[in-house]
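Okay, here's what each chain looks like letter by letter:
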Amino acid sequence: MNSMRALRHARWLPLVVAILPLTLIVESNPSAAVASGGAPLRGTRTAPTFYDDDPVVRIVDTQDASNAEAREISLVHDAAINLFRRPGLKDVGRAESINTIDEVPDSSWFTNRAGSRPITAADMLEGPTDDTGPVPGTWTVSRKANGVSPGFTITDERNRRYFVKFDPPGFPELGTGAEAVVTRLFHALGYHVPQVVIGTLRRDNLVLGSDATVRLPDGSHRRMHESDIDEQLRRAERNPDGTYRVVLSAALPGEPLEGFKYEGTRPDDPNDIVPHENRRELRGLRVFSAWVNHTDAKAINSMDTLVTENGRSHVRHHLFDFNAALGSAGIGVRERRDGYEYLAEFGPVKKALPAFGFYVRPWLTIDYPRLRGIGRFESKRFVPELWRPRVPNPAYVRSRADDTFWAARKLMALSDELIRTAVSAGRYSDPGAEQFLADALIERRDKIGRAFLTGVNPIVDPSLAGDGTLTFKNLAVEHGFAPPPSGYHVTWYRFDNATGQATAVGESKAIAPRLSPPAEALARLRPDTTLAGGRGVYVRADISATGGTQSSWVAPVRAYFRSGADGWKLVGFERMPDAPPMRPGLVGAERNF
Amino acid sequence: MTSDMHRLKSIVTAALFAGALLGTAHAQDVGSRAEEMARQQEEKARKVAAYRPSWIERQLLSIEQAGGFGVARGLFVTFGDIKRGAGLALGPAYGKTFASGAVAIGKAAYSIRGYKVAQVSARSPLFAEGRAFVRGRARWQDAPKGAVFALGPDSPNTRTEYAETKTELGGEAVFKPVAFVRLGAGVGVERFDTGLSRTADPARAFLFHAMPGAGADPRYIHGQASAAIDSRDGEGYTRQGTLLRATLHDYRQQNDGPYSFQRIDGAVEQYLPILHGNWVLFFGLRASTTATAAGRDVPFFLMPDLGGHDLRGFANYRFRDRHSIVMTAEYRWYAQEFLDAAIFYDAGKAVPTRGSLDFTGLKSSVGAGIRLHGAQMTVLRLEVARSREGVRLLLAFSPVGQ
């Protein structure tokens, strides 16, 4: 893992990027081979549309995955493949890791937090666990990080293991602050991340472990020396008092299996049945990454671990290594291009080459604040739809409007207060820097909401009362990102769960997001429990917003309700039921910066 | 018969009924979403397999685990690094990086023009708190088709070819007392064997034989000392910064002959980024001068020369004499993260006396090109340059002037 991490800023990457396209075309497509077929949450031909336990709120890993093995992923290969071959399934459809009401259930990938349960400021500040970092005293160094970024692994006196990372020389608080802040934000958004705290390292507190080793170029190891520690520290930003500000990342529970790719599935994990590019939580990661300018979400910045619970092993999927987010590139401030262009992208080259330099990228003219620990991060010129990671991400380029809507909704659930609390975890010494960062994140969040909550029919939380009254919310209107439409239109259907057939029974209109079916339709929608197979207990309502400023709102969302002892229950929801398959590409990024 | 038919009918009916039951059972054996998902996981469990990276990924991973392409490790292919004019060259190399950080590399290469090199080199680990290292090499190089033009700034565009074999053993220490200052000193033994190229036109052999040091085959102790102030953001690819560098060479002939001399090479480079590097203006000035004791001379193959890499509209080694000066102005613009385009103007001359080392009578060329590069290295330069002697297409793997 360390060797992988060390290479991310490798200077020779362009050389490889230049050569690899020639060789990659001869490779077979591994993703096609490993991709699991089918959508787990959708029924087969013989299955009903909805099961009694729909919508599921948690995906259980039922198979033992103890045979899953650690596999290191080549940074260069991963980057080159994604830049030049664009792996993954070619037809983009609805995300497959969702339940029947268009939400992502809790799973080994994701745990619903923001927008699903209350999060307090204390929760945000604490992070994934209550681990406050290594206890003061002797820290035993056990392993050195390779490559350009200094770092090593330490064990404290409680025998807990942490990965230590530093700020790059000349850029105090830059990488450590970014890591502490973004890790907390991503945890609140639902991702599995390590516990990360900012601490102070004193050289005197470090002792060399008896089995501490350094990996050599030929793959062998040698014993680590005190000079190896000193050499690492020489490449780190040092405080005036001789100490070092560090970020301490707690070792993840379980056996490390290295990262996951953003396409295909792990062939050695029986529970990994949804192609990763079709996981909504990974498609939606595009939105969250844009928010915090996490341009480096790639395979080696993820970590799968083999976790054993109740006697069965399963793979848990984590995101980590956020020191190259916000305005930081990990080894310094991020490049101006980051977030605006891929590392290799033909379109801008076509314009720039013949222009003798007079095709000036808009991002070259962005002014960044000169604030300690902030680097190149701002919100005024941020355009969410146009944001790009360094390398095309197979999941991001398959994010549809319903995926970005899902993510934007989660993001909007993070209040200003929670964002300011997360930023405070960065322990920026300049209050102005902390204020700026929080303000920028809040403004970027709102821009994301405005962009992605309005681009598709924003109706959420439909509810059908026993008297037939349908209520729902217009999320874009609720957040003030769009004016209310002139009205709403609902087409009512009886729905046959066994056959999937829907029969229109009436229509109704209203100005407010509250309406009932016409009387004659209401009678036909009443549950008919005399019909076999539950045919009489499902209702479908197609809801559209009319007369609004957004033409996309006319396309109806589709809500399904099932009658039960407690009344009508929402069991199905599709935001884009009639959307045709699309080709991979960043939706919304067609317009110019 | 009727009984048999009836029995058969019964069996078929029973089979169909059983089939229908089985079909129903199949449709109903998944009664919940949880079961449906469990079924899919179970299906995948029957075909789990270890991840098998492709051959390319395995090789790349192996290189990355060793520390990257810059780390010498095992067999690899080496490109170029013979002598200017060799053309595209490649060959096998073997490197080892030791636990201390010391590096040893052996390599051999052969070019499309028949140039050859064999070399063993070693570099110490950094010491003096990372500020110093020493390196050395033993090298044999054969250049059978070196260009020879007459000496002087106004020599005619008429060439012949000579063969040069150089054998050397040397070492150098490099010390960086502070970030921007680099000091170096080294010594080595060098032996040259020269003669008219076998492919040379006999009618032009006089060009070679008229050259000082032609066929002299001197053996030298070559001492050198250099000092540089270097604030460039990358030696191999620069977007901003300044370079001031001077190198003093002392060639002391060890066999009989009048070819002991000193040579000083100076370079000034200034890179000015505009709008965060969207444009880069580059100005470079290089000058070389030689000195000899009375009655001694400088062999032509160690004289300052111009053409090809610095005066790009002219052929390699087009101008050669005791002293030289060349200037370059370049306007470069950002096309993409790893791609720049540039237009440039070069002007220079090689002259017999130091007094002529001024800015009059310069030969010039203009051109344009693109560069594929990394943060600190030039991967490829593709340029077209034009001078009064024609148009040249250049393919190079190094920064301008090197």
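Residues numbered from 1 in each chain as written. Chains lettered and ligands numbered in written order. Predicted model: local features only at pLDDT ≥ 70, side-chain atom pairs only at ≥ 80, totals over all residues.

K.L.:
What should I look at first to understand the overall build of chain B in this one?
P.N.:
The secondary structure content of chain B amounts to 4 helices and 18 strands. On C-alpha atoms alone, chain B measures out to a radius of gyration of 33 Å, which is more than a quarter above the 21 Å that the 2.2 N^0.38 rule sets for 402 residues. Its C-alpha atoms give chain B principal-axis dimensions of roughly 130 × 55 × 50 Å. For chain B, the share of sequence-separated contacts (at least 6 apart) that also reach a separation of at least 24 residues comes to 54%. (Helix = DSSP H or I, 4+ residues; strand = E, 2+ residues; numbered from the N terminus. Rg over C-alpha atoms; globule rule 2.2 N^0.38 Å. Contact = placed C-beta atoms within 7 Å.)

K.L.:
How should I be thinking about the overall build of chain A in this particular structure?
P.N.:
Check the secondary structure of chain A and you find 15 helices and 18 strands. Buried positions account for 53% of the 593 residues belonging to chain A. Residue pairs at least 24 apart in sequence account for 74% of intrachain contacts in chain A once pairs closer than 6 positions are excluded. (Buried ≥ 20, exposed ≤ 12 C-beta atoms within 10 Å, placed from the backbone.)

K.L.:
Any chance you could explain the nonpolar core here in plain terms?
P.N.:
General note: in soluble globular proteins, nonpolar side chains tend to be found buried as a group. All names here are of chain A. Judged by nonpolar contacts, the single largest core of 114 residues is most densely connected at Val 181, Val 182, Val 287, Phe 288, Ala 408, Leu 411 and Leu 437. If near-sequence neighbours (up to four positions away) are discounted, Val 287 is found in contact with Thr 404, Ala 407, Ala 408, Leu 411, Ile 448 and Phe 452. Core analysis: the second largest hydrophobic core is formed by 28 residues, Ile 459, Tyr 493, Phe 495 and Trp 568 among them. (Core = buried A, V, L, I, M, F, W, Y, C linked by C-beta atoms within 7 Å.)

K.L.:
Looking at this structure, how should I read the environment of Asp358(B)?
P.N.:
Residues and elements named next belong to chain B. Mapped onto the elements of the fold, Asp 358 is located in the loop between β15 (339–351) and β16 (363–373). Classification of Asp 358 by C-beta neighbours within 10 Å gives exposed; the count is 10. Here the alpha-carbon distance between Asp 358 and Gly 348, two residues 10 residues apart in the chain, equals 9.4 Å.

K.L.:
Can you walk me through the interface of chain B and chain A in this structure?
P.N.:
The extent of an interface is frequently quoted as the accessible surface area lost upon association of the parts. Listed as interface residues are 53 residues of chain B and, on the opposing side, 63 residues of chain A. Looking at the side of chain B that touches chain A, the elements with two or more residues in it are α2 (33–45), α3 (55–65), β14 (323–336), β15 and β16 of chain B. Of the residues belonging to the side of chain B that touches chain A, the class tally is 29 nonpolar, 16 polar and 8 charged. (Nonpolar A, V, L, I, M, F, W, Y, C, P; charged D, E, K, R; others polar.)

K.L.:
Help me understand the packing of helix α12 (residues 416–424) of chain A against helix α13 (residues 431–452) of chain A in this model?
P.N.:
Between two packed helices, both the angle of their axes relative to each other and the distance between the axes serve to describe the pair. Residue and element names in this part refer to chain A. Put simply, α12 and α13 touch, their axes get as near as 9 Å, and they point 140° apart. By the angle between their axes, α12 is oblique relative to α13. For the pair α12 and α13, the crossing hand works out as right-handed. Contacts between α12 and α13 involve Asp 416, Ile 419, Arg 420, Val 423 and Ser 424 from the former and Glu 434, Leu 437, Ala 438, Leu 441 and Ile 442 from the latter. (Axes fitted to C-alpha atoms, helices over the stretch in contact; angles between N-to-C directions. Parallel < 35°, antiparallel > 145°, perpendicular 65-115°, else oblique. Left-handed = near helix turned anticlockwise from the far one by under 90°.)

K.L.:
How should I be thinking about the confidence of the model for chain B in this particular structure?
P.N.:
Note: predicted coordinates in regions of low pLDDT should not be interpreted at a detailed level. All names here are of chain B. For chain B, per-residue confidence averages 89 on the pLDDT scale, and residues scoring 70 or more make up 92% of the total. The low-confidence segment residues 1–28, where pLDDT is below 50, has 1 contact with residues more than four positions distant or belonging to other chains. Confidence metrics for the complex model read pTM 0.86 and ipTM 0.86. (pLDDT = per-residue confidence, 0-100.)

K.L.:
Quick question: what am I supposed to make of the pairing of strand β17 (residues 557–564) of chain A here?
P.N.:
The side chains of a regular strand alternate, residue by residue, between the two faces of the sheet. All names here are of chain A. Counted residue by residue, β17 has 7 buried out of 8 residues, so it is predominantly covered. In the sheet, strand β16 (residues 538–546) pairs with β17 via 6 bridges, with the strands oriented antiparallel. When the sheet's bridge partners are listed, Arg 540 is paired in β17 with Tyr 560. Where β17 meets strand β18 (residues 567–574), 7 bridges bridge the pair, whose relative direction is antiparallel. Its bridge partner lying in β18, Arg 562 is registered against Lys 569. The turn joining β17 and β18, which pair antiparallel and follow one another in sequence, is formed by 2 residues. (Pairing = 2+ DSSP bridges.)

K.L.:
Sorry, what's going on with the sheet that holds strand β3 (residues 161–166) of chain A here?
P.N.:
Sheet strands line up and pair through hydrogen bonds in the backbone, either parallel or antiparallel. All names here are of chain A. With mixed pairing, the 7 strands of this open sheet are ordered in space as β4-β7-β3-β2-β1-β5-β6. Unpaired on one side and paired on the other, β4 (196–201) and β6 (221–223) mark the two borders of the sheet. Along the sheet, successive strands turn relative to each other by an average axial angle of 30°, direction set aside. As paired elements, strand β2 (residues 151–155) and β3 share 5 bridges and run antiparallel to each other. Residue pairing in the sheet places Gly 151 in a bridge with Lys 165 of β3.

K.L.:
Help me understand helix α4 (residues 75–85) of chain A in this model?
P.N.:
Because each turn of an α-helix spans 3.6 residues, side chains separated by three or four positions in sequence point in the same direction. Counting buried positions over the 11 residues of α4(A) gives 8, a clear majority of the element. Turning to α4(A), its buried residues are Leu75(A), Val76(A), His77(A), Asp78(A), Ala79(A), Ala80(A), Ile81(A) and Asn82(A).

K.L.:
How do you make sense of the sheet that holds strand β8 (residues 255–258) of chain A when you look at a structure like this?
P.N.:
Residue and element names in this part refer to chain A. As summarised here, the arrangement of the 3 strands in space is β8-β9-β10, forming an open sheet in which the pairing is antiparallel. Here the strands that pair on one side only, and so sit at the sheet edges, are β8 and β10 (312–319). On average, adjacent strands in this sheet sit at an angle of 30° to one another, irrespective of strand direction. Two elements, β8 and strand β9 (residues 302–309), share 3 bridges in a ladder whose sense is antiparallel. In the strand pairing of β9, Glu 258 is matched with Asp 304.

K.L.:
Please clarify how unusual backbone geometry should be interpreted in this entry.
P.N.:
Among all residues except glycine, the phi angle is most often negative; among peptide bonds, the trans geometry is most common. Residues and elements named next belong to chain A. Residue Asp 54 is joined to Pro 55 through a cis peptide bond whose omega torsion reads -5°. Assignment of secondary structure puts Pro 55 in the loop between α3 (30–34) and α4. Despite not being glycine, Arg 427 has its phi angle at roughly 50°, a positive value. Looking at the secondary structure, you find Arg 427 in the loop between α12 and α13.

K.L.:
Would you mind showing me how to read the environment of Arg245(A) here?
P.N.:
Residues and elements named next belong to chain A. Relative to the helices and strands, Arg 245 resides in strand β7 (residues 244–250). Arg 245 sits in the buried class, given 22 other C-beta atoms within 10 Å. Setting aside residues up to four positions removed in sequence, Arg 245 forms contacts with Asp 167, Pro 172, Glu 173, Thr 176, Ile 198, Thr 200 and Asn 239.

K.L.:
For this particular structure, what's the right way to read the pairing of strand β1 (residues 74–79) of chain B?
P.N.:
Residues and elements named next belong to chain B. Among the 6 residues that make up β1, 0 are buried, leaving the element largely open to the surroundings. Two strands pair when backbone bridges link them, and β1 and strand β2 (residues 89–97) are joined in this way by 6 bridges, in the antiparallel orientation. Considered in β2, the bridge of Leu 75 is made with Tyr 94.

K.L.:
Please clarify how the packing of helix α6 (residues 174–189) of chain A against α12(A) should be interpreted in this entry.
P.N.:
All names here are of chain A. Where α6 contacts α12, the two axes come as close as 7 Å, and the packing angle between them is 140°. By the criterion of interaxial angle, the relationship of α6 to α12 is oblique. Two packed elements cross with a definite hand, and for α6 against α12 that hand is right-handed. When α6 is examined against α12, the residues Val 181, Arg 184, Leu 185 and Ala 188 are found in contact with a partner set consisting of Leu 418, Ala 422 and Val 423. Per-class residue counts for the contact of α6 with α12 are 6 nonpolar, no polar and 1 charged.

K.L.:
Just to check I follow, could you spell out the environment of Ala66(B) for this structure?
P.N.:
By the secondary structure assignment, Ala66(B) is in the loop between α3 and β1. The exposure class of Ala66(B) is buried, given the 21 C-beta atoms found within 10 Å. Separated by 58 residues in the primary sequence, Ala66(B) and Ser124(B) place their C-alpha atoms 18 Å from one another. Beyond its immediate sequence surroundings of up to four residues, Ala66(B) is in contact with Pro217(A), Asp218(A), Val71(B) and Arg73(B).

K.L.:
Looking at this structure, how should I read the confidence of the model for chain A?
P.N.:
Predicted confidence across chain A gives a mean pLDDT of 87, with 89% of residues reaching 70 or more. Across residues 1–45 of chain A the pLDDT falls below 50, and counting only partners more than four positions away or on other chains, this stretch makes 105 contacts in the model.

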